[in-house]
Amino acid sequence: MLFSQLEYFVLFVIIVILIGVIRKNVIQKTILLVASYYFYAYWDWRFLSLILISTAVDYFTGLLLGKTENTRKRKILLFISVLVNLGLLGVFKYYNFFISSFADVLTPFGFKTGSLEIILPIGISFYTFQTMSYTIDVYRKKLDVCHNLLDFALFVAFFPQLVAGPIVRAAHFIPQLKRPRHIHLLNIYCGVRIFIMGLFKKVVLADNLASFVDPVFENPSVFSGPTLWFAIIAYALQIYADFSGYSEMAIGSARILGFVFPRNFNMPYIAKNFSEFWQRWHISLSSWLRDYLYIPLGGNRKGPSRTFINLMLTMLLGGLWHGAAWTFIFWGGLHGAALSIQRVVDMVKFKNVGISSKFMKGIVGWAVTFLTVLIAWVFFRAQTFEKSILYLKRMFLMSSGISWFYPMAVIIVIGMFIAHVFFVLNHEKRLKLPINNIISPIILFFMLFLVIVFHPTSFNPFIYFQF
Amino acid sequence: MSKSFHFYLKLLFIWITGFAIALILFCLLCLFCHNSMEPNVYVPEVERLIPEPGLEHRHRHEGWGKTQYGELGVYGIEDIRQVPGDKVLLWGDSYVEALEVNDPEKTTMQFNELWKEKNKTALTCAGVGASGTHLADYVHYAPIYEKVIPDVKAHVVFLHSDMVGFKDKKVGGCLKYDGDQISYWFNPPRKHVSSRKSKLIEFLRFFGMDFLWWIYNDLRNYNWRFTLGRSGVTDIPVLPQFKKPHRMKNADWHRNGYDFLIKKFRADTDKEIVFIYAPHVPYIHEGKIYDQDRSAELIKEITESCKQHGITFINMEKTFRDYYLKTGKSPRGFPNSRPFMGHLNPEGHRLIAEKLVEHFKDKK
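Just so it is clear, the model here is predicted, and its values are computed rather than measured.

1. Concerning the overall build of chain A
Moving on, step 1. Along the backbone of chain A there are 18 helices and zero strands.
Moving on, step 2. Principal axes of the C-alpha set define a box for chain A whose edges measure 65 × 65 × 50 Å.
Moving on, step 3. Burial status across chain A gives 56% buried among its 467 residues.
Moving on, step 4. Sequence separation of at least 24 residues holds for 77% of the intrachain contacts in chain A that already meet a minimum separation of 6.
Moving on, step 5. Taken as a whole, chain A presents about 20100 Å² of accessible surface, with 69% of it coming from carbon and sulfur.
Moving on, step 6. The distance from the centre of the 41 positive side-chain charges to the centre of the 19 negative ones in chain A is 10 Å.

Here you go:
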């Protein structure tokens, strides 16, 4: 079920009414859990079993971790949890990728490889990471064991963030389950406000940009260089609007129900360097990778060479998380290389490169970061290396071809650029829309009308559904 | 009254006012940027439901056009019956309707302008297009229009590569195989248009709220699903209700169906019949631009069938290809649609008009 579907609105209104009327915490949580399982089963009921497996394994692992202080036993329990979760990911998401990738190597040795017709379960990358974070935190004794199966099951399956994040930590979510929900006007307003903005970003901005980006990326060899440049900028904004929009719909839905989720995006395209970019882009994933991969590998505590290796490994695996394809891994590798180069620049402290003004340094830093991110997005979007190289070649050589500047895409790109500039000039203060100011209903209703009327006619799933 | 009651009352007032202001601003935006909606009327003389004559349609979702609806479903001409001189009727679907372009840019208007420039005799081309119609419909309506419009000398049928097979329709001409025989019948439109619906559409038009009618139609056609799902093998999950089965009838069916209709058309009218075919050329496929018609085999057979029944078949493939090779542009598509796809743009209409002028000039 998608947040932009009418069925979701019907289901959500029913849930809010039930939660508002029923005050007992246990019943409220049961309703939310049943709704969450229904939400997932709406796509494919068979794959509920995977969520149940992940839930059961990590819940009982957590309980057992709480009962033993033996280091070896604790390591074994952690290993079981990680093995099961990564095993699920490995089979359902990466099996065919690994088999096809190594077929050329294995086949001469007589190994026969065959692919499986496997459906990629939606949300698997998100909920497996979410449950693993719980087990790891319990192992590290940073988190108390959750003794309530209902709480834990709801933490894993909570429908607003189940299929495409944000990846919520147990330490943040489970304590919120201790008290019953009160449907409060301010929470409803805040939640609806965030939800409408997310819906607007996804349906009006992202989906309309997709109408332009998709044909260009399908046929890069026929379009002109300037069109390819415009398309990659449009794609950068499309994926941002799509994913941040979805995250906001998830955060807004949770907020209406009285749950507070942290922000998942913070205007990433104003970043002046790559570290800052990753502090603003998909914050829940980047912080997960930092806390559970980069830091355990040693982070930056073991010297420069090891730091670079750790950065590269983290980003390569981050790329792999996005999709079972070499282009995603390469995309991650590009970001890893960029972060490593930034480290070198910071270490050497290039002070006198001819740019004395802080403002100019900021502009140069922003330009380099944005350009590198754009180049990396080409690999992320283009699906094959051949198409990526072709795209970049035609882009940088300003090749001739069909020039197409889709008017709606032009309006959206200019509008988003102005919004970013406004955000920076306003010292990153967001537009306040208080409930008792007439500007709020004007803007929110106008956005809603745009969503209802100006949605593209073709169906566009959320980009991150495929991860 | 308590303070909180005043607070909530003030809040309600703010939000109702905000809603009203947002709606007004949005209506103003839609008056410029969204398709308009017009009520239909039933015309007994031609047995058709047509958009109400005298109204203007604003088209935005592809191209950017304004179309004036005329009597008998003819666009751009107030009343074709009042126009002196000989007439040519151009039959077609949305390509003849051509809502994406302004009236002067449509094939018929460009034909009329070109004809006036180059010829002294009066000849008017009138488009009788309606989206979703097909040859099976034109064979029914052509004899009817001949009786209603004086001095019709020829029927031109506009065909293009996006033609679909002869599917059963609730309204219009239908074909069916009955053993080895093909049978034809016509499902007439309903004769009564709800006055309440027409008044509602007029009301919405007046206040620039046509978009509400489009929303109502979207909701009416929405496929609600609350049952649990079961996905197929796919990399990206596609919700079941968005999958539409794609059914294509086989080549024999197309060929025999066209042959049957061509024979019927020839038998039902003694006026000149011309088919003008606009292939989807050039087109983009897997990173390349192709300038050969993919439907060439079927078109060859239709051309033969036309020849056998004394019908002229004009194939625009070479003209379109030459235009593309000379200018690098396509006769189809607009900035707000995919390149080289969709309906004919003004240049495409001009190429068709020129070809028709050339053909009828030779018929003097």
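2. Remarks on helix α1 (residues 6-21) of chain A
All names here are of chain A.
Moving on, step 1. With 16 residues, α1 should reach 22 Å at 1.5 Å per residue; the first-to-last C-alpha distance of 23 Å fits that figure.
Moving on, step 2. All of the buried residues in α1 are Glu7, Tyr8, Leu11, Phe12, Ile15, Val16 and Ile19. Projected down its long axis, α1 shows its buried positions confined to an angular sector of 160°, all on one face. The exposed set on the far side of α1, more than 90 degrees from its buried face, consists of Ile17 and Val21.
Moving on, step 3. For α1, the elements touching its buried residues are α2 (25-44), α7 (159-162), α9 (185-218) and α10 (225-256).

3. Some words on the pairing of strand β5 (residues 86-92) of chain B
All names here are of chain B.
Moving on, step 1. Most of β5 sits out of view: six of its seven residues are buried.
Moving on, step 2. Examined bridge by bridge, β5 and strand β7 (residues 152-160) share five bridges and lie parallel to one another. Residue Lys87 lies in a different strand from β7, and its bridge partner there is Val152.

4. Focus: the interface of chain B and chain A
Many descriptions give the size of an interface as the accessible area lost when the pieces come together.
Moving on, step 1. Tallying the contact residues gives 53 residues for chain B and 51 residues for chain A.
Moving on, step 2. Interface area for chain B against chain A, summed over the two sides, is near 4500 Å², with a carbon-plus-sulfur share of 74%.
Moving on, step 3. Of the charged contacts, one joins Arg338 of chain B and Glu218 of chain A as a salt bridge, the two residues approaching to 3.4 Å between their closest N and O atoms.
Moving on, step 4. Taken together, chain B and chain A are joined by 13 residue pairs in polar contact (both at pLDDT 80 or more).

5. Describing the nonpolar core
Moving on, step 1. Counting 172 residues, the largest nonpolar core has Tyr40, Phe158, Phe159, Phe212, Leu257, Tyr269 and Trp377 of chain A as the members making the most contacts within it.
Moving on, step 2. The element best represented in this core is α10 of chain A, accounting for 18 residues.
Moving on, step 3. The contact partners of Tyr269 of chain A, leaving out residues within four places of it in the chain, are Ala236, Leu237, Ile239, Tyr240, Phe277, Trp281, Trp366, Phe370, Val373, Trp377 and His420 of chain A.
Moving on, step 4. Formed by 42 residues, the second largest nonpolar core is a distinct cluster that contains Leu89, Ile144, Tyr277 and Ile311 of chain B.

6. Overview of the confidence of the model for chain B
Residue and element names in this part refer to chain B.
Moving on, step 1. With 91% of its residues at a pLDDT of 70 or more, chain B shows a mean pLDDT of 87.
Moving on, step 2. For the stretch residues 233-248, pLDDT sits under 50, and the model shows 29 contacts to residues farther than four places along the chain or on other chains.
Moving on, step 3. This complex was scored by the predictor with a pTM of 0.90 and an ipTM of 0.86.

Thresholds, definitions, all that
Residues numbered from 1 in each chain as written. Chains lettered and ligands numbered in written order. Predicted model: local features only at pLDDT ≥ 70, side-chain atom pairs only at ≥ 80, totals over all residues. Heavy atoms only, no water. Helix = DSSP H or I, 4+ residues; strand = E, 2+ residues; numbered from the N terminus. Buried < 20%, exposed > 50% of the residue type's maximum accessible area, 1.4 Å probe, protein only. Contact = heavy atoms within 4.5 Å. Areas by Shrake-Rupley, 256 points an atom, 1.4 Å probe, with all protein chains shown as cover. Lys, Arg positive; Asp, Glu negative; His and termini not counted. Charge placed at Lys NZ, Arg CZ, Asp CG, Glu CD. Expected span 1.5 Å × (residues − 1). Arc of directions from axis to C-beta. Pairing = 2+ DSSP bridges. Buried area = accessible area lost by both parts, 1.4 Å probe. Salt bridge = Lys/Arg side-chain N within 4 Å of Asp/Glu carboxyl O. Polar contact = N/O pair within 3.5 Å; in protein donor to acceptor, adjacent residues only side chain to side chain. Core = buried A, V, L, I, M, F, W, Y, C linked by side-chain atoms within 4.5 Å. pLDDT = per-residue confidence, 0-100.

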